[in-house]
Amino acid sequence: MTRGRVSAVEKVWLSSKEARAYLGMGEAFLKNMRDSGRLHFYKVGAKAVFYRKADLDRLIAGGKVI
């Protein structure tokens, strides 16, 4: 068996906290984007919300996320 290095994998999903830091925005902004249907999200349990990084990138670029 040969030993090798494991390459870092870029995250596909970001938690709400990570998304806020990535965008430099607050929770109110993300909630507004979710409520208006401009940003897709995935909810796990009662509180955990995750966002696809590609959707956040499109939001930054000014493109349509939907």
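J.: Residues and numbers for the overall build of the chain, please.
T.: When helices and strands are tallied, the chain shows three helices and three strands. Helices and strands appear in the chain in the N-to-C order β-α-α-β-β-α. Taking the principal axes of its C-alpha atoms as reference, the chain extends roughly 55 × 30 × 20 Å. Buried positions account for 23% of the 66 residues belonging to the chain.

J.: Outline the nonpolar core, listing residues and values.
T.: Judged by nonpolar contacts, L14, A19, L23, L30, M33, L39, V49, Y51, L56 and L59 together constitute the single largest core of 10 residues. Among the elements of the structure, α1 (16-23), α2 (27-35), β3 (48-52) and α3 (53-61) are those that each provide at least two residues to this core. Setting aside its immediate chain neighbours within four residues, A19 contacts L14, L30, Y51 and L56.

J.: Can you break down the sheet that holds β3 residue by residue, with the values?
T.: The strand order across the open sheet formed by three strands is β1-β3-β2, and the pairing between neighbours is antiparallel. If you trace the sheet from one side to the other, it starts and ends with β1 (13-15) and β2 (42-44), each paired once. For this sheet, the mean inter-axis angle between neighbouring strands, taken without regard to orientation, is 35°. Two strands pair when backbone bridges link them, and β1 and β3 are joined in this way by three bridges, in the antiparallel orientation. Note on β3: the bridge partner recorded for S15 is F50. Set on the sheet, α1 makes contact with β1 and β3; between it and β1 the angle comes to about 95°.

What counts, and at which threshold
- Residues numbered from 1 in each chain as written.
- Predicted model: local features only at pLDDT ≥ 70, side-chain atom pairs only at ≥ 80, totals over all residues.
- Heavy atoms only, no water.
- Helix = DSSP H or I, 4+ residues; strand = E, 2+ residues; numbered from the N terminus.
- Buried < 20%, exposed > 50% of the residue type's maximum accessible area, 1.4 Å probe, protein only.
- Core = buried A, V, L, I, M, F, W, Y, C linked by side-chain atoms within 4.5 Å.
- Contact = heavy atoms within 4.5 Å.
- Pairing = 2+ DSSP bridges.
- Axes fitted to C-alpha atoms, helices over the stretch in contact; angles between N-to-C directions.

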